[in-house]
Structure formats: structure tokens, C-alpha cells
Amino acid sequence: MLLAILLFLVAGLAEIGGGYLVWLWLRESRPLWYGIVGGLILIVYGMIPTLQKFPSFGRVYAAYGGVFIALAVLWGWWVDKKTPDLYDWLGAAVCLVGVSIILWAPRH
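Visitor: Just checking my understanding: could you explain the packing of aromatic side chains for this structure?
Guide: Each aromatic ring pair is described using two quantities: the centre-to-centre distance and the angle formed by the ring planes. Scanning the model with the defined rule gives nine aromatic pairs in all. Seen from their ring centres, Phe54 and Trp104 are 6.4 Å apart, and the 65° between their planes marks the pair as edge-to-face. Taken as a pair, Phe54 in the loop between helix H2 (32–47) and helix H3 (57–78) and Trp104 in helix H4 (residues 86–104) lie far apart in primary sequence, 50 residues in all. When its relative accessible area of 36% is taken as the criterion, Trp104 is described as partly exposed. Three or more aromatic residues link up through ring pairs in this structure, and these residues are Tyr45, Phe57, Tyr61, Tyr64 and Phe68.

Visitor: Sorry, what's going on with the layout of surface pockets here?
Guide: Left-over empty space is what a probe sized like a water molecule reveals as it rolls over the atoms. The computed volume of the largest pocket comes to approximately 230 Å³. What lines the largest pocket is a set of 15 residues, among which Ile5, Leu9, Val67, Ala70 and Leu96 lie closest to the centre. Contributions of two or more residues to the lining of the largest pocket are made by helix H1 (2–27), H3 and H4. Looking at the lining of the largest pocket, the element that brings in the most residues is H4, giving eight residues. Class assignment of the residues belonging to the lining of the largest pocket gives a composition of 14 nonpolar, one polar and no charged.

Visitor: What should I look at first to understand empty space enclosed by the protein in this one?
Guide: Tallied over the full model, the rule gives one cavity of 30 Å³ or more. In this model, the largest cavity occupies a volume close to 40 Å³. Taken together, Leu7, Phe8, Ala11, Pro49, Gln52, Val60, Tyr61 and Tyr64 make up the full set of residues lining the largest cavity. Taken together, the residues of the lining of the largest cavity break down into seven nonpolar, one polar and no charged.

Visitor: So what exactly am I meant to see when it comes to H2 here?
Guide: Residue pairs spaced three or four apart in an α-helix point in one direction, given the helix's 3.6 residues per turn. Between its terminal C-alpha atoms H2 stretches 24 Å, which fits the 22 Å expected from 16 residues at 1.5 Å a residue. Listed as buried for H2 are Tyr34, Gly35, Gly38 and Tyr45. Looking down the long axis of H2, one finds its buried residues gathered within 90° of arc, a one-sided arrangement. The exposed set on the far side of H2, more than 90 degrees from its buried face, consists of Leu32, Trp33, Leu40 and Met47.

Calculation rules
Note on numbering: residues in each chain are counted from 1, in written sequence order. Local features are withheld for residues below a pLDDT of 70 in this predicted model, meaning they are given only at 70 or higher, and side-chain atom pairs are given and counted only at 80 or more; totals for whole chains, interfaces and linings count all residues. To get the side-chain values, all heavy atoms of the structure are used, and hydrogens and water are removed first. Here the aromatic set is Phe, Tyr and Trp, taking the six-membered ring for Trp, and pairing holds for ring centres within 6.5 Å; pairs whose planes are under 30 degrees apart are stacked, those over 60 apart are edge-to-face, and all others are tilted. Going along the chain from the N terminus, every DSSP run of H or I of four or more residues is numbered as a helix, and every run of E of two or more is numbered as a strand. When accessible area is computed with a 1.4 Å probe and restricted to protein chains, residues below 20% of their type maximum are described as buried, those above 50% as exposed, and intermediate ones as partly exposed. Each cavity reported here is a set of points on a 1 Å grid over the protein atoms alone in which a 1.4 Å probe fits but cannot get out, each pocket an open set with protein on both sides within 12 Å along at least five of seven lines, and each lining residue one with an atom within 4 Å of a point. Grid points are joined across faces, edges and corners, and a volume is the space filled by probe spheres set on the points. Residues are grouped as follows: nonpolar covers Ala, Val, Leu, Ile, Met, Phe, Trp, Tyr, Cys and Pro; charged covers Asp, Glu, Lys and Arg; every other residue, Gly included, is treated as polar. Each residue after the first adds 1.5 Å to the expected span of a helix. The arc in question is traced by the directions running from the helix axis to the C-beta atoms.

What follows is the structure, given as C-alpha cells:
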């Protein structure tokens, strides 16, 4: 379970970080290398979820979506300096509960 959580966190940070570098390049006129590095990170991000042990692509990506939402709230707070409000935290918590249900509900 710890490996699964770590892989979700690494994948989320790679997607957000790569996307952020591309954003900076295209929206804030940063140098081209921001876009190139961001694109390479996004390629690596696409590979990370394949390391999950869960057998279903759809389940992994559905669960990843909830982790991504929570990480995006934290990224906005720490990197963009936008303090999340109660509804940001509540929404992220609901998503993480959903992730837990999707991944670890008892199935037969």
C-alpha cells in the first residue's frame, strides 16, 4: 500500500510540475528550455502509473485523479502562494475518500 501511495504522489508531482513548467514557458514567456523540460517530465509522468500493481487502467487513473486534485490544492498553496479555503480542503478530502474507496474497497 505504501508503494501505491508513493507512486501516486510521484506521478502527481510529475504531472503538476511538468505542466507548470509548460505553463511558465507559454503563459509567462519563460525560456524554451522550461517547455522542453516540462514536456520531458510529462512523458515520465505517463510512465509512472504503469508501475502500479492494480490490474485496471481505469481504476488507477480514476484514483489518480483524486490524488491529483489534492496535490493541485497543495501546489497552489505552496508554489503559487494562493491559500486554499475551507471548500478547497473539503473538496480535496472528499476526493481522497473516493480514491480510498476505488482502490481498497473489498471486491470479489
